[in-house]
Amino acid sequence: MHHLADPDTTGSDDEPQVFSVPAGTRADRLDKILAGLLPAHSRNRLQGWIEGGHVLVDGKPGKVRQPVGPGSVLTVWAQSAPEEAAFAPEPVAFDVLADSPDWIVVNKPAGLVTHPGAGNWHGTLLNGLLHRYPELAQVARAGIVHRLDKDTSGLLVVARHERAQTHLVRQLQARTMGRRYLALAHGWAGDGTVDRAIGRDAKVPVRMSVERPVAAKPAVTHYTRLRIGDADGARVSEVECRLETGRTHQIRVHLASLGHPLLADTLYGGKLLADAARQMLHARALRFDDPGGAGECAFEADPPPDMQHVRETITWQP
């Protein structure tokens with residue numbers, strides 16, 4: 001299928017592409033005709049353009065299923081996909097605990113997404129890093145080597161150049177990077193280790209699972225009870241967790257598998273106790289070998305005010 005003119009395929013909001021459907025073309029749905037004219041774009045994306053009013057047929061807004069045939073004139077305003085603008089610098093609030101020529105240690109607030117993805121293309125930590133440290137545009141994933149869940153607060157390290165990123169990723173792979181978390185969990189937990197592979201839940205894709213995982217990967221969490229108490233008539237434990245691996249939702253899944261889901265972690269059975277409004281998990285300590293050769297780097301950060309408030313609300317045993 002061909003068009004009469006050779007439009008600017010980059011397009012913009014101001015300069016539409018104009019096509020004339022060639023003679024001899026079999027009449028078909030607008031989205032199918034458009035897919036033949038613009039093969040670089042998926043049918044799904046083109047349907048979004050049509051539904052958004054960005055495609056005219058003979059000067060009138062088009063409909064996805066309307067029949068289009070030879071001689072019809074299509075006017076198309078190409079729209080950027082959200083992921084194409086995901087790596088844009090944006091002013092985003094987060095605290096930098098320390099930095100060096102090789103790395104940045106961030107104290108991420110709860111509620112901030114680490115890396116752009118479906119449903120969160122803007123306003124992430126990555127966008128904020130690119131705004132505050134423009135040189136990170138030259139590093140894959142803006143230097144991010146490990147993530148924290150949106151509603152988990154605390155420490156993570158970012159590499160400022162490719163060599164440092166490789167160095168830090170190898171420490172993660174070798175399980176030599178130290179990461180300790182503070183968790184508030186249901187029930188009275190003990191001490192121990194969970195060594196259970198984690199994968200996507202076969203029935204609920206937004207969840208991870210140790211019971212029915214898809215494409216499971218090894219996962220090891222060491223946990224230590226710090227103190228026990230009561231909140232709203234329920235037993236509660238304060239637990240320190242040390243990660244060997246870093247799988248998605250690892251601590252949340254592993255503690256829930258023991259019958260100790262995190263307070264307010266409703267995805268894994270946690271309840272809203274003691275004024276907890278988000279999963280009670282904070283990455284409070286981070287240790288790694290300096291890529292610049294300065295030896296061991298170690299950092300700690302206190303839990304944020306919302307978690308401190310929950311801790312103070314709980315009645316702890318002496």
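Okay, so let's go over this structure. (Residues numbered from 1 in each chain as written. Predicted model: local features only at pLDDT ≥ 70, side-chain atom pairs only at ≥ 80, totals over all residues. Heavy atoms only, no water.)

1. Remarks on the overall build of the protein
- A tally of helices and strands in the protein yields six helices and 19 strands.
- Expected size for 318 residues packed as a compact globule is a radius of gyration near 20 Å; at 25 Å, the protein overshoots this value by more than 25%.
- Projecting the C-alpha coordinates of the protein onto the three principal axes gives extents of approximately 85 × 45 × 35 Å.
- Relative to its 318 residues, the protein shows a buried fraction of 48%.
- For the protein, the proportion of contacts with a sequence separation of at least 24, taken over those separated by at least 6, is 63%.
- Carbon and sulfur atoms provide 49% of the accessible area of the protein, an area that totals close to 15,500 Å².
- The positive charge centre, built from 36 side chains, and the negative charge centre, built from 37, are 7 Å apart in the protein. (Helix = DSSP H or I, 4+ residues; strand = E, 2+ residues; numbered from the N terminus. Rg over C-alpha atoms; globule rule 2.2 N^0.38 Å. Buried < 20%, exposed > 50% of the residue type's maximum accessible area, 1.4 Å probe, protein only. Contact = heavy atoms within 4.5 Å. Areas by Shrake-Rupley, 256 points an atom, 1.4 Å probe, with all protein chains shown as cover. Lys, Arg positive; Asp, Glu negative; His and termini not counted. Charge placed at Lys NZ, Arg CZ, Asp CG, Glu CD.)

2. Looking at helix H4 (residues 162–173)
- Over its 12 residues, H4 extends 16 Å from the first C-alpha to the last, a length consistent with the 16 Å expected when each residue adds 1.5 Å.
- The set of residues buried in H4 consists of Ala-164, Gln-165, Leu-168, Gln-171 and Leu-172. Projection of H4 onto a plane perpendicular to its axis shows the buried side chains occupying an angular sector of 125°, all on one side. Turned more than 90 degrees away from the buried face of H4, the exposed residues are Glu-162, Arg-163, Arg-170 and Gln-173.
- Residues of H4 that are buried in the fold lie against strand E9 (153–159), strand E10 (178–186) and strand E17 (281–289).
- Phi turns positive one or two residues past the end of H4, at Arg-175, with a value near 60°. (Expected span 1.5 Å × (residues − 1). Arc of directions from axis to C-beta.)

3. Quick look at the pairing of strand E16 (residues 234–243)
- The element E16 is extensively covered by neighbouring structure, given that seven of its 10 residues are classed as buried.
- Sheet topology note: the E10/E16 ladder contains seven bridges and is antiparallel. Residue Ala-183 lies in a different strand from E16, and its bridge partner there is Val-239.
- Strand direction decides the pairing type here: strand E15 (residues 220–231) and E16, joined by 10 bridges, are antiparallel. Bridge assignment links Ile-228 to a residue of E16, and that residue is Ser-237.
- Between E15 and E16, which pair antiparallel and follow one another directly, the connecting turn spans two residues, one of which, Asp-232, has a positive phi of 55°. (Pairing = 2+ DSSP bridges.)

4. A look at the sheet that holds strand E13 (residues 208–209)
- The three strands lie next to each other as E13-E12-E14, forming an open sheet whose pairing is antiparallel. For this open sheet the edge positions go to E13 and strand E14 (213–217), each flanked by a neighbour on one side alone.
- Sheet topology places strand E12 (residues 198–201) next to E14; three bridges connect them, and they run antiparallel. Along E14, the bridge assignment pairs Asp-201 with Pro-213.

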